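A look at the structure
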Amino acid sequence: MFQPSPWRDDFPAIAALHRQQQTYLDSAATSQKPQALLDALAHYYGHGAANVHRAQHVPGALATQAFENCRAKLAAWLNAGSAEQIVFTHGATSALNLLAYGLEHGFEAGDEIAVSALEHHANLLPWQQLARRRGLRLVILPIDEQGQLDLDAAMQLIGPRTRLLAVSQLSNVLGTWQPLGPLLAHARAQGALSVVDGAQGVVHARPDLQQLGCDFYVMSSHKLYGPDGVGVLYGRSQALAHVRHWQFGGEMVHLAEYQQASFRPAPLGLEAGTPPIAGVIGLGATLDYLASLDAKAVASHEARLHALLLGGLQERQGIRVLGAPQTALVSFVVEGVHNADIAHVLTEQGIAVRAGHHCAMPLLQHLGLDGAIRVSLGLYNDSDDLQRFFDALDQGLELLR
Amino acid sequence: MSLPLEAAEALLRFAEAQGWEQRARLLMQMGDTLEPLSEAEKVEANRVHGCESVVWLVTEPRAKHWHFKAGSEARLLRGLLALLLVRVQGLTHEELAQVDLRAWFTELGLERQLSPSRSNGLHAVLQRMSQATA
Ligand SMILES: Cc1ncc(COP(=O)(O)O)c(C=O)c1O
């Protein structure tokens, strides 16, 4: 039975891609954008760009107001408590690097950092390199067959030496939600700071950060139907006060002399240089658009599509699904067929999916694979997209086998 | 400069191919013609980085030319490697320096496979080849 997306027409690129015979199933890499965002960018650039937080003139005041409104919208969207807890960065990756440098002063040789075995490179390498700089021990929390963090093991491994825990909310390879509640509570009880990588999770369930109880939460705008070049770092107020300035330049400074300077507190103190103004304003427009949707309807649409995707793969011969995906995406391999060959035949048929290690090489190694195909969904996908994918997969596999 | 015989034959076959399926079949057949690599040749030094699949390129100096061998676990990529080798195998250093490989793949109707964003890594193989023979 046809499962339409009521929101498909809100995303003009979907029709444009369709005219180019492209079926977009790579939203976990980046999403298509709603018309509301395109309008907001056109409006901002069409009505007068200006820098924020510096100029006294009218365009500057308007831009600053629009920019700061978006900070407030984000705080509300994430139920963050206050806008001062929202720092704009250039992406999830830069937010995580900000943390790995800004928190460095709090670590001593022999301290431990715990990360899960399924982290994206963005939430592994900044911590790995921090550990190497400071002589820390990086502790890898194992995952089970389903692709969930093994809670029992984690409780053992996170102890009094653990200074920081960094985990993702939703795996970008396995599509599994991680058991953050008990994990974060345990980390806090051990006196460890916690960092949640919400790059994927934020897209598929609106977070409630006051309830989640992490110290830091990180996301990228471009995966959440917003512009690229914008990331968000949320910090609990006390935790944020702990983050030292890491990049220096305009706007973050309080008073500057030739030989010394004093700096602003977060958020502005952590936003050196001109921020991505248009991007932030665009993200604000996307949030307004998302807030206008029936969240339950979106979630059940995504759940139905995910079930179709997973079911369709499971009923086909020789396909191995990675883990037990719950939301948004499914990664798989085909027995006896190289994933690069599958990617090739799908690309030839206009199916845009992702092949390879998905920026999680250690996880793929752990699974004994050198790559996998990932199909990922956005709220604009419909069941015809999946049908086209399955037809192309069947046709491609027939040829390759 | 005239095409090596095997290259001319391959070009003919690809020119006649209709649609992606036939081209994919031809690629698989081409891939089967690659000279096999020994285990000793599948070493880090011969591995081409920048490819999502494992790819090896072996460059052996001969009197007046280079002798190339290449391999991969991915079948269609093996086909692309074979098409590359039929174009460059046996050329003198001067001839090799003159070859426009982008034009070669374009003639074959396979230019899209060369884009730097393609994870198949053909792009990286070409870079490696030009470095190794520079
Ligand atoms: C789980 C996860 N974390 C972090 C990132 C990095 O995001 P960005 O590349 O936008 O900085 C990604 C993006 O692929 C991701 O999936």
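Now for a look at the structure at hand. Everything quoted here is computed from the prediction, not taken from an experiment.

Turning our attention to the overall build of chain B. In terms of helices and strands, chain B carries six helices and two strands. What you see for chain B is a C-alpha radius of gyration of 14 Å, in line with the 14 Å of a compact globule of 134 residues. Referenced to the eigenvectors of the C-alpha coordinate spread, the extents of chain B come out at roughly 40 × 35 × 25 Å. The long-range fraction of contacts in chain B, counting pairs at least 24 apart against all pairs at least 6 apart in sequence, stands at 56%. Total accessible area on chain B is roughly 6900 Å²; 51% of this is exposed by carbon and sulfur atoms. Mean positive and mean negative side-chain charge positions of chain B (15 and 17 charges, respectively) differ by 3 Å.

All names here are of chain A. Ordered by their spatial adjacency, four strands build an open sheet running β11-β12-β15-β14, and the pairing between neighbours is antiparallel. What marks the edges here is a single partner per strand, and that holds for β11 (319-321) and β14 (354-356). Shown here is a sheet whose adjacent strand axes are inclined to one another by a mean of 30°, direction ignored. Here four bridges tie strand β12 (residues 329-334) to strand β15 (residues 372-376), and the two strands are oriented antiparallel to one another.

All names here are of chain A. Surveying the vicinity of the ligand reveals the residues Gly91, Ala92, Thr93, His120, Ala122, Asn172, Asp197, Ala199, Gln200, Ser220, His222 and Lys223. Residue His120 places a side-chain N or O atom 3.1 Å away from an oxygen atom belonging to the ligand. Contacts to the ligand include Gln200, whose side-chain N or O atom sits 2.8 Å from an oxygen atom. A total of 400 Å² of accessible area belongs to the ligand in isolation, and the protein chains cover 85% of it. Residues that form the shell around the ligand fall into these classes: three nonpolar, seven polar and two charged.

In terms of nonpolar packing, the biggest core is built from 73 residues, with Leu313(A), Phe389(A) and Phe105(B) touching the most fellow members. By residue number, the principal contributor to this core is helix α3 (residues 75-88) of chain B, which donates ten residues. Discounting chain neighbours no more than four positions away, the residues touching Leu313(A) are Ile319(A), Val321(A), Val330(A), Phe332(A), Phe389(A), Phe390(A) and Leu393(A). One finds Ala80(A), Ala192(A), Ile277(A) and Leu290(A) within the second-largest nonpolar core, a separate group that totals 55 residues.

Another point: the sheet that holds strand β7 (residues 216-220) of chain A. Residue and element names in this part refer to chain A. As summarised here, the arrangement of the seven strands in space is β2-β8-β7-β6-β5-β3-β4, forming an open sheet in which the pairing is mixed. Strands with a single pairing partner mark the edges of an open sheet, and in this sheet they are β2 (86-89) and β4 (137-141). Each adjacent strand pair in this sheet contributes to an overall mean axis angle of 20°, direction not counted. Here strand β6 (residues 193-197) runs beside β7; their pairing, made up of three bridges, is parallel. Across the sheet, Asp197 pairs through a bridge with Val218, a residue of β7. Of the strands in this sheet, β2, β6, β7 and β8 (231-235) touch helix α4 (residues 92-102), which is tilted by about 150° from β7.

Let us now look at the interface of chain B and chain A. Contacts between chain B and chain A engage 17 residues on the former and 16 residues on the latter. Buried area between chain B and chain A, both sides added, is near 1500 Å², and the carbon and sulfur share of it is 54%. Ranking the residues of chain B by area buried against chain A places Trp20(B), Glu52(B) and Leu76(B) at the top, with a combined share of 41%. Taken together, chain B and chain A are joined by one salt bridge. Counting every contact that joins chain B to chain A gives four residue pairs in polar contact (both at pLDDT 80 or more). Going through the elements one at a time, α2 (19-32) and α3 of chain B are the ones with two or more residues in the side of chain B that touches chain A. When residues in the side of chain B that touches chain A are grouped by element, the largest group, seven residues, is from α2(B). Among the residues making up the side of chain B that touches chain A, the classes are represented as seven nonpolar, two polar and eight charged.

Residue and element names in this part refer to chain A. Ala266 connects to Pro267 through a cis peptide bond whose omega is 5°. Along the polypeptide, Pro267 turns up in the loop between β10 (261-263) and α11 (277-291). Here His358, not a glycine, exhibits a phi torsion of approximately 55°, which is positive. Relative to the helices and strands, His358 is located in the loop between β14 and α14 (361-366). Judged by its relative accessible area of 2%, His358 falls in the buried class. Even without being a glycine, Cys359 presents a positive backbone phi close to 55°. Topologically, Cys359 is positioned in the loop between β14 and α14.

Conventions and cut-offs
- Residues numbered from 1 in each chain as written.
- Chains lettered and ligands numbered in written order.
- Predicted model: local features only at pLDDT ≥ 70, side-chain atom pairs only at ≥ 80, totals over all residues.
- Heavy atoms only, no water.
- Helix = DSSP H or I, 4+ residues; strand = E, 2+ residues; numbered from the N terminus.
- Rg over C-alpha atoms; globule rule 2.2 N^0.38 Å.
- Contact = heavy atoms within 4.5 Å.
- Areas by Shrake-Rupley, 256 points an atom, 1.4 Å probe, with all protein chains shown as cover.
- Lys, Arg positive; Asp, Glu negative; His and termini not counted.
- Charge placed at Lys NZ, Arg CZ, Asp CG, Glu CD.
- Pairing = 2+ DSSP bridges.
- Axes fitted to C-alpha atoms, helices over the stretch in contact; angles between N-to-C directions.
- Near = heavy atom within 4 Å.
- Polar contact = N/O pair within 3.5 Å; in protein donor to acceptor, adjacent residues only side chain to side chain.
- Nonpolar A, V, L, I, M, F, W, Y, C, P; charged D, E, K, R; others polar.
- Core = buried A, V, L, I, M, F, W, Y, C linked by side-chain atoms within 4.5 Å.
- Buried < 20%, exposed > 50% of the residue type's maximum accessible area, 1.4 Å probe, protein only.
- Buried area = accessible area lost by both parts, 1.4 Å probe.
- Salt bridge = Lys/Arg side-chain N within 4 Å of Asp/Glu carboxyl O.

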